[in-house]
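Survey of secondary and tertiary structure
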Amino acid sequence: MERRKASKLVRREKLTALAFVTPLIVGFVVFTLVCMVISFAYSFTNYNPIRGSMDFDGFKRYTELFTHPTYKKAFLDSILNTLFLLLATPLCLTVSILIAALMNNKKFRGKTVFRVIIYLPAVTSVVAVNFIWRYMFEENYGLINTFFHAHIPWLTDNTLIKVAMIIKNVWGGIGTQVILFMAGMQNISEEFYEAAELDGAGPVYKFFRITLPLVTPVLFYSIITSLIGGFQIFADVELFAGGQYGSRTIVHFIRNYGIGQNLYGLASAASFLLAAVIMIITALQFRFNKWVNYTD
Amino acid sequence: MEKTLVRKPHKKPSAIIALVVTYAVMILLAITMVFPYLYMALTTFKPMSETVSAGFKLFPRVWTAESYKEVWELVPFGRGILNTMAVEIPVILVGSFTSALGAFAFAKMRLPCARVLLLVLMSGMMVPFAALFLPQYRIYSSMKLTNNLLPLILPGLFGNISMVFFLIQFMGGIPNALFEAAKIDGCGYFKSFVYIMLPLLWPALAAQGVFWFLGIWNDYFAPSIYLTKPEAMTLQPLINRLNATQGGRDFPLVMTGAFLSSIPLIAVYLVFQKYFMSALSITSGIK
């Protein structure tokens, strides 16, 4: 009798627990799983809601992305642009790790003030950050060209636009990264540094032999999240670059050909390739975790 | 004077140089960070003619508040803030509740297949929005839900998996004995969640909520897809419309829009900055 009562209670607990996670499951199924399946299905068709076509076409959309005379250039260029823009990640992380190491100096006063200032771009509205920088990079009246008495076509040249976007994104990304690195550095035991000092180690040696290896968990987290974010740049293209050709990213391609031109099959195929790349990066995170130093 | 005697008597010159370099670099960096804001704020008070003449002037020669008047005339700015809040409030309140309730089942209850379930839910985070929005757009537009805030609100109500994951870890630090005692007293699971767990969860919820709030405020992609009428727009796409007037040449106007759209966030940030900093390191899992 007792056991039956107990098992009944356990069953009730399990059912209640399931009820509690139901919203999460429903959200996942409706907004992720189902949409992903539909999107995948689109990519094998010529779905166009305006023409009303939806015929099965096999892998034709995927091959079109790389061979079709009209779409090939736009697609391949959007990939190259996206990869070019990813250069912001190593730049931003290098600068951030150096700044964090400088700020980690115990004698350095005013850490709080500097942290608050550095983090400002991260709490500024996306549109605002893009507009400020667009104005500063403006060719004729922008601050940067006026200051250097130059006429550099930052916003109209296909390469310079990407350089400008990278500068903007490094500026905007430093805050978050510095705070993460500082948090990581504060976890490093003071003993390591004291021991190194006894052996006569200088600041450069200490940075490369103690600080850098021991912040690899943070570094790894930052690389992965920055790359995942970098592959999905979209707002910058519209807000900063005004859709300029040299700035167009993969997500812009997907949006442009999907919602813009109603070529849902083609856009879905591109979106699936992007999703695959992002999933591979995330999977790498688990695979290469060993490479990272964990002290505890 | 006495204080200096207590400190180490010999300061290495290299340490002093390092400190000087640190201050120099940090001050330079701080200027780089703040300057664009200063420039933006000052530009909002310039007449347009001043911004399209040669030479660099930081301060306006003639101070004017014309742009502020223009922003309110050109776009329904107040409506934009209301629309943004109409997304923020239900999503954060309901979404945090469903996230916490789900996390409670994972952390403190016998949930069947908990590990697999969590892994499946978390794998959903890997899927970029770009691979989901085309069908979503088709479905919403067939339901005549474009220019409506529902497409932006609905997904959030079902919780946020990264928040769930974080809350599960946080709940791990809360003793099970609390809930066992409640169980013996005949307290149901939902009741013990609401009366015991939730009050203990506030710091964690606030840390996550802060960033969720920021994320929604700054969201541009989804609103730009679903909202095409100015009255229906949230703040970010609405401000973007200012760029379209005068071909983006009315710099004071554009800067005023940018300035106004960032003021609320910056104000919240400066008041709660301590909170942001700790939340940032907690959220990333680096204490």
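Given the structure is predicted, the values throughout are model-derived calculations rather than measurements.

This part is about the overall build of chain A. Along chain A, the regular secondary structure elements total 14 helices and 0 strands. Order of helices (α) and strands (β) in chain A, N terminus to C terminus: α-α-α-α-α-α-α-α-α-α-α-α-α-α. By the compact-globule yardstick of 19 Å for 296 residues, chain A is too spread out, its C-alpha radius of gyration being 25 Å. If one aligns the C-alpha atoms of chain A with their principal axes, the spans along those axes are about 90 × 75 × 30 Å. Burial statistics for chain A: of 296 residues in total, 51% are counted as buried. In chain A, once contacts between residues fewer than 6 apart in sequence are set aside, the share between residues at least 24 apart is 66%. Of the roughly 14300 Å² that chain A leaves accessible, carbon and sulfur atoms contribute 64%. For chain A, the distance from the average site of its 26 positive side-chain charges to the average site of its 17 negative ones is 9 Å.

As a further point, take the pattern of salt bridges. Under the criterion given, the structure shown has 8 salt bridges over all chains. Between A:Glu13 and B:Arg110 there is a salt bridge; the shortest N-O distance is 3.5 Å. On the criterion of chain membership, the pair formed by A:Glu13 in helix α1 (residues 2-42) and B:Arg110 in the loop between α5 (77-108) and α6 (114-123) is interchain, its members lying in two chains. What makes B:Arg110 partly exposed here is its relative accessible area of 44%. Residue A:Arg61 is joined to A:Glu64 by a salt bridge in which the shortest nitrogen-to-oxygen separation is 2.9 Å. With A:Arg61 and A:Glu64 both in helix α2 (residues 60-67) and 3 residues apart, this pair spans about one turn of that helix. An identical accessibility class is assigned to A:Arg61 and A:Glu64; each is buried. Look at the salt bridges and you will find they share partners, linking A:Glu13, B:Arg110 and B:Lys183 into a network.

Moving on: the interface of chain B and chain A. Counting from both sides, the interface comprises 95 residues of chain B and, opposite them, 87 residues of chain A. Buried area between chain B and chain A, both sides added, is near 8300 Å², and the carbon and sulfur share of it is 78%. In this assembly, chain B and chain A are joined by 2 salt bridges. For the interface between chain B and chain A, the tally reads 16 residue pairs in polar contact (both at pLDDT 80 or more). Looking at the side of chain B that touches chain A element by element, the count peaks at 18 residues for helix α2 (residues 13-43) of chain B.

Bringing unusual backbone geometry into the picture now. With phi around 60°, A:Asn262 is a residue other than glycine that occupies positive phi space. If you trace the backbone, A:Asn262 turns up in the loop between α13 (250-260) and α14 (264-287). Here B:Asn147, not a glycine, exhibits a phi torsion of approximately 60°, which is positive. Tracing the sequence through the fold places B:Asn147 in the loop between α7 (133-142) and α8 (150-157). A relative accessible area of 23% means that B:Asn147 is categorised as partly exposed.

Here we take up the confidence of the model for chain B. All names here are of chain B. Per-residue confidence for chain B averages 88 on the pLDDT scale, and 92% of its residues sit at or above 70. Note on residues 1-7: pLDDT is under 50 here. Beyond four places in sequence and across chains, it has 0 contacts. Reported confidences for the modelled complex are a pTM of 0.89 and an ipTM of 0.87.

Each pair of packed helices gets described by two things: the angle between the helix axes and the distance between those axes. At their nearest, the axes of helix α5 (residues 111-119) of chain A and α2(B) sit 9 Å apart, and the two run at 35° to each other. In the packing of α5(A) onto α2(B), the handedness of the crossing is left-handed. Where α5(A) approaches α2(B), its residues A:Phe114, A:Ile117 and A:Ile118 are matched on the opposing element by B:Met26, B:Ile27, B:Leu29, B:Ala30, B:Met33 and B:Val34.

Glancing now at the side chain of A:Gln244. Residues and elements named next belong to chain A. Topologically, Gln 244 is positioned in the loop between α12 (235-239) and α13. The exposure class assigned to Gln 244 is buried, which follows from its relative accessible area of 14%. Among the polar contacts listed, one links the side chain of Gln 244 to the backbone nitrogen of Gly 246, at a separation of 2.7 Å. In this structure Gln 244 touches Leu 155, Thr 156, Asp 157, Asn 158 and Ile 161, once residues within four positions along its chain are discounted.

All names here are of chain A. For Leu 284, the location among the structural elements is in helix α14. What makes Leu 284 partly exposed here is its relative accessible area of 39%. When the C-alpha positions of Leu 284 and Ile 224 are compared, they lie 9.0 Å apart, and in sequence the two are 60 residues distant.

As a further point, take empty space enclosed by the protein. Scanning the entire structure with this criterion turns up 1 cavity of 30 Å³ or more. Here the largest cavity is characterised by a volume of approximately 110 Å³. For the largest cavity, the lining is made up of 13 residues, of which A:Tyr135, A:Tyr141, B:Tyr39, B:Thr51 and B:Gly55 are closest to its centre. Mapped by element, the contributors of at least two residues to the lining of the largest cavity are α7 (143-147) of chain A together with α3 (48-51) of chain B.

Taken together, the side chains of A:Arg4, A:Lys8, A:Arg11 and A:Arg12 present a region of like positive charge at the surface. Its relative accessible area of 65% is what places A:Arg4 among the exposed residues.

Residue and element names in this part refer to chain A. In this structure, Met 185 sits in helix α8 (residues 160-186). With relative accessibility at 2%, the residue Met 185 sits in the buried group. The spatial distance from the C-alpha of Met 185 to the C-alpha of Lys 111 is 14 Å, given a sequence separation of 74 residues. Not counting chain neighbours up to four residues away, the residues in contact with Met 185 comprise Ile 97, Ala 100, Ala 101, Asn 104, Thr 211 and Val 215.

Conventions we followed
- Residues numbered from 1 in each chain as written.
- Chains lettered and ligands numbered in written order.
- Predicted model: local features only at pLDDT ≥ 70, side-chain atom pairs only at ≥ 80, totals over all residues.
- Heavy atoms only, no water.
- Helix = DSSP H or I, 4+ residues; strand = E, 2+ residues; numbered from the N terminus.
- Rg over C-alpha atoms; globule rule 2.2 N^0.38 Å.
- Buried < 20%, exposed > 50% of the residue type's maximum accessible area, 1.4 Å probe, protein only.
- Contact = heavy atoms within 4.5 Å.
- Areas by Shrake-Rupley, 256 points an atom, 1.4 Å probe, with all protein chains shown as cover.
- Lys, Arg positive; Asp, Glu negative; His and termini not counted.
- Charge placed at Lys NZ, Arg CZ, Asp CG, Glu CD.
- Salt bridge = Lys/Arg side-chain N within 4 Å of Asp/Glu carboxyl O.
- Buried area = accessible area lost by both parts, 1.4 Å probe.
- Polar contact = N/O pair within 3.5 Å; in protein donor to acceptor, adjacent residues only side chain to side chain.
- pLDDT = per-residue confidence, 0-100.
- Axes fitted to C-alpha atoms, helices over the stretch in contact; angles between N-to-C directions.
- Left-handed = near helix turned anticlockwise from the far one by under 90°.
- 1 Å grid on protein atoms, 1.4 Å probe; cavity = no way out; pocket = protein on both sides within 12 Å on 5 of 7 lines; lining within 4 Å.
- Points joined across faces, edges and corners; volume = space filled by probe spheres on them.
- Patch = residues over 30% accessible without salt bridge, like charges linked within 9 Å, V, L, I, M, F, W, Y side chains within 5 Å.

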